[in-house]
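Chain residues, written in single-letter form:
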Amino acid sequence: NNSRNIRLNEGEIFLDVKRDERKPFSVSTFAGEIEVLGTKSNVEVNSQKQMFETALIEGSVKVATCAGECFLMKPNDVVRMKDNVWSQERMRSPYSVTCWMDGLIDISNIPFDELMCEFEKAFDVNVVIVRNELPELTFNRGKIRISDGVESALNLLKLSADFEYDIDRTANTI
């Protein structure tokens, strides 16, 4: 046809799209449209948590939100929506966004609650945090291998942060 379109309802996808002005490429999500102008980018959406994020590795991307906002991205930019608030910022590192394709989770300078969201995705578990103050992580660099399992990952975090955990295998909850 005259265009290349995909719809991403839930999940994460890495796109490596060749620019073709005769056949534009776009990604539709619950939060808006991404016009891909020849690029390498990562897109993640979770409509249940009202979360959207796209990170541009190479090329150019335009994000048009359902709220009417528009973001033109440059390499190493991240556009995200969290709690219905849109923002554009620089990413920590391109590999921190794409390391999931190599079976890794980047734990560099990430808040505990955000890391637990990464654990939920990577290990297909539910994480319930039952405490008033979140533990502080002191990793300024590092990766966790997903294939080592969630218990290994949590035990590694315990070396740096003060928290306890229980696993309910029946409910698939930590």
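Coordinates for the structure precede this section.
Note that the structure is a prediction, hence the values are computed from the model and not measured.

About the thresholds
Residues numbered from 1 in each chain as written. Predicted model: local features only at pLDDT ≥ 70, side-chain atom pairs only at ≥ 80, totals over all residues. Heavy atoms only, no water. Helix = DSSP H or I, 4+ residues; strand = E, 2+ residues; numbered from the N terminus. Buried < 20%, exposed > 50% of the residue type's maximum accessible area, 1.4 Å probe, protein only. 1 Å grid on protein atoms, 1.4 Å probe; cavity = no way out; pocket = protein on both sides within 12 Å on 5 of 7 lines; lining within 4 Å. Points joined across faces, edges and corners; volume = space filled by probe spheres on them. Nonpolar A, V, L, I, M, F, W, Y, C, P; charged D, E, K, R; others polar. Salt bridge = Lys/Arg side-chain N within 4 Å of Asp/Glu carboxyl O. Core = buried A, V, L, I, M, F, W, Y, C linked by side-chain atoms within 4.5 Å. Contact = heavy atoms within 4.5 Å.

1. Some words on the overall build of the chain
The helix and strand tally for the chain stands at 3 helices and 10 strands. When its helices and strands are written in sequence order, the chain yields β-β-β-β-β-β-β-β-α-β-α-β-α. Viewed in the frame of its principal axes, the chain has a C-alpha envelope of about 55 × 30 × 25 Å. Residues counted as buried form 37% of the 174 residues belonging to the chain.

2. Some remarks on the layout of surface pockets
By volume, the largest pocket amounts to about 1100 Å³. Contributions of two or more residues to the lining of the largest pocket are made by strand E2 (10-17), strand E4 (32-46), strand E5 (51-65), strand E7 (77-82), strand E8 (85-90), helix H1 (94-98), strand E9 (104-106) and helix H2 (112-123). Per-element accounting of the lining of the largest pocket gives the leading share, 6 residues, to H2. Its residues assigned to classes, the lining of the largest pocket comprises 16 nonpolar, 6 polar and 16 charged.

3. Things to note about the environment of Gly11
Of note, Gly11 is situated in strand E2. A residue is classified by how much of its surface remains accessible, and Gly11, at 32% relative accessible area, is partly exposed. Taking C-alpha positions, Gly11 is 19 Å from Pro94, a pair spaced 83 residues apart along the chain.

4. Re unusual backbone geometry
The backbone of Asp83 sits at a positive phi, close to 55 degrees, despite the residue not being glycine. Residue placement: Asp83 occurs in the loop between E7 and E8. For Asp83, a relative accessible area of 61% puts it in the exposed group. One non-glycine residue, Asn109, lies in the positive phi region at around 50 degrees.

5. With respect to the pattern of salt bridges
Opposite charge on two side chains allows them to pair when their charged atoms are near. In this structure the tally under the stated criterion is 14 salt bridges. In this structure, Arg90 engages Asp77 in a salt bridge whose closest nitrogen and oxygen atoms are separated by 2.8 Å. Taken together, the residues Arg90 in strand E8 and Asp77 in strand E7 connect sequence positions 13 residues apart. Through salt bridges that share partners, Glu12, Glu44, Glu118 and Lys121 make up one connected network.

6. Examining the nonpolar core
Leu115, Met116, Phe119 and Leu157 are the most contacted members of the largest nonpolar core, which has 20 residues in total. Elements that contribute at least two residues to this core include exactly H2 and helix H3 (150-158). Ranked by the residues each element gives to this core, the list is headed by H2, at 5 residues. Excluding residues within four positions of it along the chain, Phe119 makes contact with Ile105, Asp124, Val125, Ile144, Val150, Ala153, Leu154 and Leu157.

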